[in-house]
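# Results of the structural survey
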Amino acid sequence: MIKTIAILAVSALALTACQDQAGGDSAAGARDQIRAVGSSTVFPFATAVAEQFVNNNPGMKSPIIESTGTGAGMKLFCAGVGAGHPDIEDASRRMKASEFEDCQKNGVTDIIEVQVGIDGIAFAESKKGPKFKLTPKQIYEALAANPYGKPNTAEKWSDVDSSLPGIAISVFGPPSTSGTRDAFSELVMEKGCKSDPAMEALKKTDEDKFKDICTKVREDGKYVDSGENDNLIVQKLGANPNAVGIFGYSFLEENQDSINGIPLNDIEPTYDTIASGNYPGARPLYIYVKKAHVTAIPGLKEYLAEFAGAWGTDGYLVKRGLIAAPDAVRAASADAVKNLTVLQASSLK
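Residues numbered from 1 in each chain as written. Predicted model: local features only at pLDDT ≥ 70, side-chain atom pairs only at ≥ 80, totals over all residues. Heavy atoms only, no water.

Turning next to the environment of Asn146. Its location among the elements puts Asn146 in the loop between helix H4 (136-143) and helix H5 (157-160). Asn146 gets classed as partly exposed once you look at its relative accessible area, which sits at 27%. Spatially, the C-alpha atom of Asn146 lies 20 Å from that of Val244, the residues being 98 residues apart in sequence. (Helix = DSSP H or I, 4+ residues; strand = E, 2+ residues; numbered from the N terminus. Buried < 20%, exposed > 50% of the residue type's maximum accessible area, 1.4 Å probe, protein only.)

Encoded structure:
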């Protein structure tokens, strides 16, 4: 379900001719309100910044922030430059080289990349749950469609590992369009898969086959695609005490009265373990901005500056569940915001 925050409706005020390419989409009309799309994980942070932006800039309209999922948001972001296209893409993974190429083909040539913080792929259960302790290997063997190249026949967690509870495998997680799903595949599923030396070797000889075997999730009801609304997963855990949920750490932080984090490799998902990189599911969070829109869309530059002032260790985003990036990363991100540094294709993969 797409979530949207907008305190005021879009107004079709004309942008002046000097406002670069972003005012040049005559078919879409003009826009005097910031629009962002993308990650459901970044959504609460982006909306918190939007609220403070409005408070600090009287007369500015509230940005429209849409939770579309990272992958779907990238498609919208890269579709073109102009008032009919989003200014910002919120992303719970880094932009892919293929997405950058799509942007370039559609005239989105100058993109600013800003890492806004760190998050973790949290595994959680109800307070009434069986007190799971899992490893990437166990998770892979429970959820892969074809673990190590063979059909998955596991029905209970104990079928995967006799040390695990003899209860049915039931996992609520993000859809394929979500950056959380991409990070889950890379940080957990692939790590579990590569516990087999043959799979490690396959990655070097046949990348496509490796991805299919190591990241394709089973579709027999054991893994339930729960859409982009991570709060819905939290609710489902309350109704299903034996189930496991997968979402961004901030949702675990916000709901610790009703759910427990599940340790991975005996490491609890906490602020400190994710910030240090010790927790297996740690990942960076980003926003991508069209440079052509910065001077054309009123308030966009100020909104970016508000973000930069909020992501520190004592900033209000940390209180919302964001994990502050290391000092050097924050400094580089602040510099990118100040100088509108353009992303280079050579740094992507």
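Bringing the state of the cysteines into the picture now. Applying the stated criterion to the full structure yields two disulfides. Here Cys78 connects covalently by a disulfide to Cys103, the sulfurs 2.0 Å from one another. Between Cys78 and Cys103 the sulfur-sulfur dihedral comes to about -70°; the bridge is accordingly left-handed. Within this pair, whereas Cys78 is found in the loop between helix H2 (70-77) and strand S4 (88-91), its partner Cys103 is found in helix H3 (residues 97-105), the two being separated by 25 residues in sequence. Covalent S-S linkage joins Cys193 and Cys214, the inter-sulfur distance amounting to 2.0 Å. Its torsion about the S-S bond being -50°, the disulfide of Cys193 and Cys214 is classed as left-handed. Pair noted here: Cys193 is in helix H6 (residues 179-193) and Cys214 is in helix H8 (residues 207-215), with a separation of 21 residues, a long-range link. Accessibility expressed as a relative area gives 0% for Cys193, which makes it buried. Once the disulfide-bonded cysteines of the protein are ranked by sequence position, their pairing pattern turns out to be 1-2, 3-4. (Disulfide = S-S within 2.5 Å.)

Quick look at the pattern of salt bridges now. Tallied over the full model, the rule gives 14 salt bridges. Across the pair Lys61 and Asp32 runs a salt bridge whose closest N-O atoms are separated by 3.7 Å. Taken together, the residues span a long stretch of sequence, with Lys61 in the loop between helix H1 (43-56) and strand S3 (64-66) and Asp32 in the loop between strand S1 (4-5) and strand S2 (35-38) at a distance of 29 residues. Each member of the pair, Lys61 together with Asp32, is buried. (Salt bridge = Lys/Arg side-chain N within 4 Å of Asp/Glu carboxyl O.)

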